[in-house]
Amino acid sequence: TFLALAVAVGSGSAAEHTLMPSPRTVHIGHFQATNRPVLTVNSGDIVTLEAATQIEPEAVDAAGVVPPSTVPQYVRDIYREVQERGPGPHVLTGPIYVNGAAPGDVLELRILDVSLAVGYGYNRQRPFAGTLPNEFTQVWQRILPINMQAKTTEIAPGVVIPLDRPFFGTMGVAPPQAMGRIGSGPPALHTGNLDNKVLGAGTTLYMPVHVAGALFSAGDGHGAQGHGEVDLSAVETGLRGRFQFIVRKDMKLTWPRAETPTHWIVMGLNEDLDEAMEIAVRETIAFITTQFPKLTREEAYAIASVAVDYH
């Protein structure tokens, strides 16, 4: 069921909202500028958003490792009622319209908290995919019960994985209208499927805005993931996030950036790894020379070489 609450926060105009997934508040597998907003907020508002994971409830039931009641009713409703899907797999809650956000602005997303929302997850290997496509040619899937108290799961007999730093693999805004519908899989100018395990609670994501209201959506919850996600699947699960939205008219970005308590993160996003690396280095130079105007491009390039880690 869709739920939106507005509660005054302090003496300012900020409000708190809650957005739950339902057939009317999700879109599956895509971003596009014409998606209808399901919630409208003001700059500074806080939204608690829950997102469903992208596995059919029948598959969870068939595995028999968690009681059927572990699967929320909204998951069953979404998979029964939402027929418009693709081209990607992710179930995205949203979009959220942020008043005042306009093309050319930046949407600052403060990730205040991320927590586990359901007692199961999964890891799925698709044939001829991932880093070793010719070595893993069969579908392999494991439903993973989650110990919600200990925040752990057992990926294989005796192999326990901590789920204490969950994060949303996909957080993004609508792309430019001329791009039409794009898949939820590859990240791009709209941000999207970054799969960056660092972007959990206490971090901030900066996303360039391409359409009025930004139209933010999130999903693809990860209980745990390695840098690389080499089989193209993490501990995929449902998450609950608490986000604050701030419209930044004083920032201009081409690509998304992020900030943690200890690091700045620039990004290069491209299907070609070499091109992605070039974009990331250019973004590094642009960031350093903007943040520290007394430094030259040559000095920034040197800093990129001796002090920046490119993952």
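Keep in mind the model is a prediction, meaning the values are calculated, not measured.

## Focus: the pattern of salt bridges
Pairs can form between side chains of opposite charge whenever their charged atoms are close.
Working step 1: A full pass over the atoms with the stated rule returns 13 salt bridges.
Working step 2: Here R76 and D61 are joined by a salt bridge, their closest N and O atoms 2.9 Å apart. Separated by 15 residues along the polypeptide, R76 in helix α2 (residues 73-81) and D61 in helix α1 (residues 57-63) bring together distant segments of the chain.
Working step 3: By relative accessible area, D61 is classed as partly exposed at 31%.
Working step 4: R257 is paired through a salt bridge with E283; the nearest N and O atoms lie 3.3 Å apart. Of the two residues, R257 is situated in strand β18 (residues 257-259) and E283 in helix α3 (residues 273-291); the sequence distance between them amounts to 26 residues. Here R257 matches E283 in class, with each residue buried.

## Overview of the nonpolar core
Working step 1: One finds I96, M171 and F216 to be the most contacted residues of the largest nonpolar core, which totals 41 residues.
Working step 2: Counting residues per element, this core draws most heavily on strand β8 (residues 106-125), which supplies 5 residues.
Working step 3: Those residues within four positions of I96 in sequence are excluded, and the remaining contacts are L19, L39, V41, V47, L49, G213, L215, F216 and F245.
Working step 4: Formed by 18 residues, the second largest nonpolar core is a distinct cluster that contains I55, Y79, V82 and V118.

## Some remarks on the confidence of the model for the protein chain
Working step 1: Considering every residue of the protein chain, the mean pLDDT works out to 95; 96% of them sit at 70 or more.
Working step 2: Between residues 1-11, whose pLDDT stays under 50, and residues either more than four places distant or in other chains, the model counts 26 contacts.

## Concerning the environment of F136
Working step 1: Mapped onto the fold, F136 is located in the loop between β8 and β9 (140-147).
Working step 2: The spatial distance from the C-alpha of F136 to the C-alpha of Q125 is 8.0 Å, given a sequence separation of 11 residues.

## Remarks on the layout of surface pockets
Vacant regions in the atomic arrangement are exposed by a probe of water-molecule size rolled over the atoms.
Working step 1: Considered as a void within the structure, the largest pocket measures approximately 1,800 Å³ in volume.
Working step 2: Around the largest pocket sit 44 residues that line it, and N196, V266, M267, G268 and H311 are the ones nearest its centre.
Working step 3: Counting residues per element, the ones that place at least two in the lining of the largest pocket are β19 (264-266), α3 and α4 (297-307).
Working step 4: Grouping the constituent residues of the lining of the largest pocket by class yields 23 nonpolar, 15 polar and 6 charged.
Working step 5: Reported here for the second largest pocket is a volume of approximately 330 Å³.
Working step 6: In terms of lining residues, the second largest pocket is bounded by 14 residues, among which P89, H90, R126, N193 and L232 are the most central.

Reading the values: rules and limits
- Here the residue numbering is sequential within each chain, running from 1 through the sequence in written order.
- Two thresholds apply to this predicted model, a pLDDT of at least 70 for residue-level local features and 80 or more for giving and counting side-chain atom pairs, whereas whole-chain, interface and lining totals are computed over all residues.
- Think of the side-chain values as coming from all heavy atoms in the structure, minus any hydrogens and water.
- Whenever Lys or Arg places a side-chain nitrogen within 4 Å of a carboxyl oxygen from Asp or Glu, that contact is recorded as a salt bridge.
- Every helix listed is a DSSP run of H or I at least four residues long, and every strand listed is a run of E at least two residues long, numbered separately from the N terminus.
- The rule is simple: take the accessible area with a 1.4 Å probe, protein chains only, and divide by the maximum for that residue type; under 20% is buried, over 50% is exposed, in between is partly exposed.
- Residues grouped as a nonpolar core are buried Ala, Val, Leu, Ile, Met, Phe, Trp, Tyr and Cys residues, joined through side-chain atoms within 4.5 Å.
- Note on contacts: a residue pair is in contact if any heavy atoms of the two residues lie within 4.5 Å.
- Values of pLDDT, which run from 0 to 100, indicate the predictor's confidence residue by residue.
- Only protein atoms enter the 1 Å grid used here, on which a cavity is any set of points holding a 1.4 Å probe that cannot leave and a pocket is any open set flanked by protein within 12 Å on both sides along at least five of seven lines; residues with an atom within 4 Å of a point are listed as lining.
- Grid points are joined across faces, edges and corners, and a volume is the space filled by probe spheres set on the points.
- Amino acid classes used here: Ala, Val, Leu, Ile, Met, Phe, Trp, Tyr, Cys and Pro are nonpolar; Asp, Glu, Lys and Arg are charged; the rest, including Gly, are polar.

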